[in-house]
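The residues making up each chain are set out below.
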Amino acid sequence: MIKVCKFGGTSMADAKAFAQVKSIINSEASRRYIVVSAPGKRNKQDIKITDTLYATFEELKATGKIDKNFSLIRERFTDLVKDLGLDMDIEKILDQTEVQIIENKSADFTASRGEYLSAMVMAKYLGFEFVDAADLVRFDSRGNLSLDYTDDKVRQKLDGVEKAVIPGFYGKDYEGNIKTFSRGGSDITGSIIARGVQADLYENWTDVSGFLVCDPRIVPEAKVIKQVTYKELRELAYMGASVLHPEAIFPVMKNKIMINIKNTFKPSEPGTMIVPNEKYELCSDSVVTGIAGKKDFTVIFIEKSMMNAEVGFIRKVLSVLEHYGLCVEHLPSGVDTLSVVVASDQLKDGILSDVVNEIRENVSPDYVHVIENISLIATVGHGMNRRVGTAAKLFAALAKENINLRMIDQGSSELNIIIGVENSDYEKCISAIYKAFN
Ligand code: ASP
């Protein structure tokens, strides 16, 4: 049995958190490959090491020096090593790092040092081997992860290594320079390692006990999702459910390695299990897995009689959106109607009226109408396509709360129902759906 464990920033924040991580790792011999983030916040006012490192780079750009910010990095790591009672020459490693940051003059290199130092200290503390992510993770010339190349490297380098600590968040680009993933990217590193070593489970340890069915700021009693499929998670993550980096499921998906989101500070809680479809069906009885949403969309509603008989109608509409560089989020349609849904923040500088005018010119619609301040809410559930009455229950709950539905869109996957409501109804709507299904 092999488990890959990734520990996030809060789990690496200080010596106390390190001790907690060590007890988790030592409680199971299968926890062999450990991926770590940079130390995060120790309290609400604190600053994450990664943020201080980005500030270090800004200081370097502005002044040619890094004394002000790097002294904060130095202090945190020397305190950490001292508090852990480690016999380790951290000053020397920090001196080298300082020189390298100045020489490299790269934001990615600078930011990556948080994970690098954090993994060095954790490896020493656990007595595990340190394996640098720069020797494992590779990006191609377009900046995308070279998964096959990386996979081979992970296999080669970790073969025969019984236990290792690996820094998250970075790898090398095709020219050999250090390159990072986007923020929160250590989750992707964990997934890459799990795939490479063909782990039985990828445990992602964080500071919450898994994904909640919906935003607890709206429904304080929201339950933890016990199981969610990869696909459901994609839908929920797109709508804003964070906790895990949205790209972290791809490396493990093909190999069907499950991901368990666990709480470092409440390790006995089961957390959320992210599973392939077949595993989910065996033991789940719930219809709705999660509810997520986003505010501030704009709907361009277009009506034209016999729209369906006009070859190329939708293409002509979409070409206008493309011309203005706008991404289309949804496209619900009727016989004579089409709604184009775009995120409102894309419509800056008054381009909305230009878009509408060009649609008028391009397709001569009978009627075009713009609806602003719309929220989209996705009710996601793998079990939906097997049950009769899910939509009825959802709509009845909204009617009871007097919520005006502005748009309905059910994807052909029948994995979710997306509805559009006024921004002012957003919270009320999520809460009504939660109550209807829980
Ligand atoms: N330390 C990086 C960040 O704060 C990456 C990570 O923690 O996953 O985004």
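To keep things clear, this report deals only with the structure shown in the data block. (Residues numbered from 1 in each chain as written. Predicted model: local features only at pLDDT ≥ 70, side-chain atom pairs only at ≥ 80, totals over all residues. Heavy atoms only, no water.)

In terms of helices and strands, the protein chain carries 14 helices and 15 strands. Relative to the compact-globule value of 22 Å for 438 residues, the protein chain shows a C-alpha radius of gyration of 25 Å, a close match. Its C-alpha atoms put the protein chain at 75 × 50 × 40 Å along the principal axes. Here the protein chain holds 438 residues, and 53% of them are scored as buried. In the protein chain, 74% of the contacts between residues at least 6 apart in sequence involve partners at least 24 apart. (Helix = DSSP H or I, 4+ residues; strand = E, 2+ residues; numbered from the N terminus. Rg over C-alpha atoms; globule rule 2.2 N^0.38 Å. Buried < 20%, exposed > 50% of the residue type's maximum accessible area, 1.4 Å probe, protein only. Contact = heavy atoms within 4.5 Å.)

Another point: the pairing of strand β9 (residues 258-263). Taken across its 6 residues, β9 has 6 buried, putting it largely inside the fold. Across the two faces of β9 the burial is the same, with Met 258, Asn 260 and Lys 262 and Ile 259, Ile 261 and Asn 263 all buried. Strand direction decides the pairing type here: strand β7 (residues 201-206) and β9, joined by 6 bridges, are parallel. Directly across from Leu 201, in β9, lies its bridge partner Met 258. Alignment of β9 against strand β10 (residues 272-275), held across 3 bridges, turns out to be antiparallel. In the sheet register, Ile 261 faces β10, and the bridge partner there is Thr 272. (Pairing = 2+ DSSP bridges.)

With that settled, consider the site of the ligand. The environment of the ligand is formed by Ser 37, Lys 48, Thr 50, Glu 115, Phe 169, Arg 183, Gly 184, Gly 185 and Ser 186. In the environment of the ligand, a nitrogen atom lies 2.6 Å from a nitrogen or oxygen atom belonging to the side chain of Glu 115. A distance of 2.8 Å separates an oxygen atom of the ligand from a polar atom in the backbone of Gly 184. Relative to its unbound accessible surface of 260 Å², the ligand loses 92% to contact with the protein. (Near = heavy atom within 4 Å. Polar contact = N/O pair within 3.5 Å; in protein donor to acceptor, adjacent residues only side chain to side chain. Areas by Shrake-Rupley, 256 points an atom, 1.4 Å probe, with all protein chains shown as cover.)

As a further point, take the sheet that holds strand β2 (residues 31-36). Sheets are built from strands paired through backbone hydrogen bonds, the pairs being either parallel or antiparallel. In space, the 8 strands of this open sheet follow the order β3-β4-β2-β1-β7-β9-β10-β8, with mixed pairing throughout. Where the open sheet ends on each side, the last strands, each with one partner, are β3 (129-130) and β8 (227-229). Two elements, β3 and strand β4 (residues 164-167), share 2 bridges in a ladder whose sense is parallel. Pairing of Glu 129 across the sheet is with Ala 164, part of β4.

The description of two aromatic rings rests on the distance between their centres and on the angle between their planes. Within the structure shown, the criterion is met by 5 aromatic pairs. Ring centres 6.2 Å apart and planes at 50 degrees place the aromatic pair Phe 18 and Tyr 125 in the tilted group. Of the two residues, Phe 18 sits in helix α1 (residues 15-26) while Tyr 125 sits in helix α5 (residues 107-126), which places them 107 residues apart along the sequence. Pair check on accessibility: Phe 18 and Tyr 125 agree, each one buried. Both rings, one in Phe 139 and one in Phe 181, keep their centres 5.0 Å apart while their planes meet at 65 degrees; by these two values the pair is edge-to-face. Taken together, the residues Phe 139 in the loop between β3 and α6 (147-158) and Phe 181 in the loop between β6 (178-180) and α7 (186-196) connect sequence positions 42 residues apart. A relative accessible area of 2% means that Phe 139 is categorised as buried. Taking NZ or CZ as reference, Lys 22 lies 4.3 Å from the ring centre of Tyr 125, over its face. Over the ring of Tyr 170 we find Arg 113, and its NZ or CZ is 5.4 Å from the ring centre. (Phe/Tyr/Trp six-rings, centres within 6.5 Å; stacked < 30°, edge-to-face > 60°. Lys NZ or Arg CZ within 6 Å of the ring centre and 35° of its normal.)

In this section: the sheet that holds strand β11 (residues 290-303). Sheet architecture is open: 5 strands sit in the order β12-β11-β13-β15-β14, paired in antiparallel fashion. Two strands bound the open sheet, and with one partner strand each, they are β12 (337-343) and β14 (405-410). Averaged over all neighbouring strand pairs, the angle between strand axes comes to 35 degrees, with direction disregarded. One ladder, built from 11 bridges, connects β11 with strand β13 (residues 367-380); its direction is antiparallel. (Axes fitted to C-alpha atoms, helices over the stretch in contact; angles between N-to-C directions.)

In this section: the side chain of Thr 289. Among the secondary structure elements, Thr 289 is positioned in the loop between α10 (277-283) and β11. What makes Thr 289 buried here is its relative accessible area of 3%.

All right, on to the nonpolar core then. Within the largest apolar cluster, 118 residues are counted, with the highest numbers of intra-cluster contacts made by Val 121, Ile 193 and Ile 274. The greatest single-element share of this core, amounting to 11 residues, is contributed by α5. Other than its neighbours up to four places away in sequence, Ile 193 contacts Val 4, Tyr 33, Val 35, Leu 136, Val 154, Leu 158 and Ile 166. By size, the runner-up hydrophobic cluster in this structure holds 19 residues, among which are Val 317, Val 320, Leu 321 and Val 340. (Core = buried A, V, L, I, M, F, W, Y, C linked by side-chain atoms within 4.5 Å.)

A word on the environment of Ser 71. Within the secondary structure, Ser 71 sits in helix α3 (residues 67-83). Relative accessible area serves as the criterion here: at 37%, Ser 71 is assigned to the partly exposed category. Sequence spacing of Ser 71 and Phe 128 is 57 residues, and the spatial spacing of their C-alpha atoms is 28 Å. A polar atom in the side chain of Ser 71 sits 2.7 Å from the backbone oxygen of Lys 68.

Taken as a whole and judged by the stated rule, the model has 0 disulfides. Here Cys 214 stays free of any disulfide, with the sulfur of Cys 429 as its closest cysteine sulfur at 11 Å. Residue class for Cys 429 comes out buried when judged on its relative accessible area of 0%. (Disulfide = S-S within 2.5 Å.)

For Lys 105, which is not glycine, the phi torsion reads 50 degrees and is therefore positive. Inspection of the secondary structure puts Lys 105 in the loop between α4 (90-104) and α5. Residue class for Lys 105 comes out exposed when judged on its relative accessible area of 58%.

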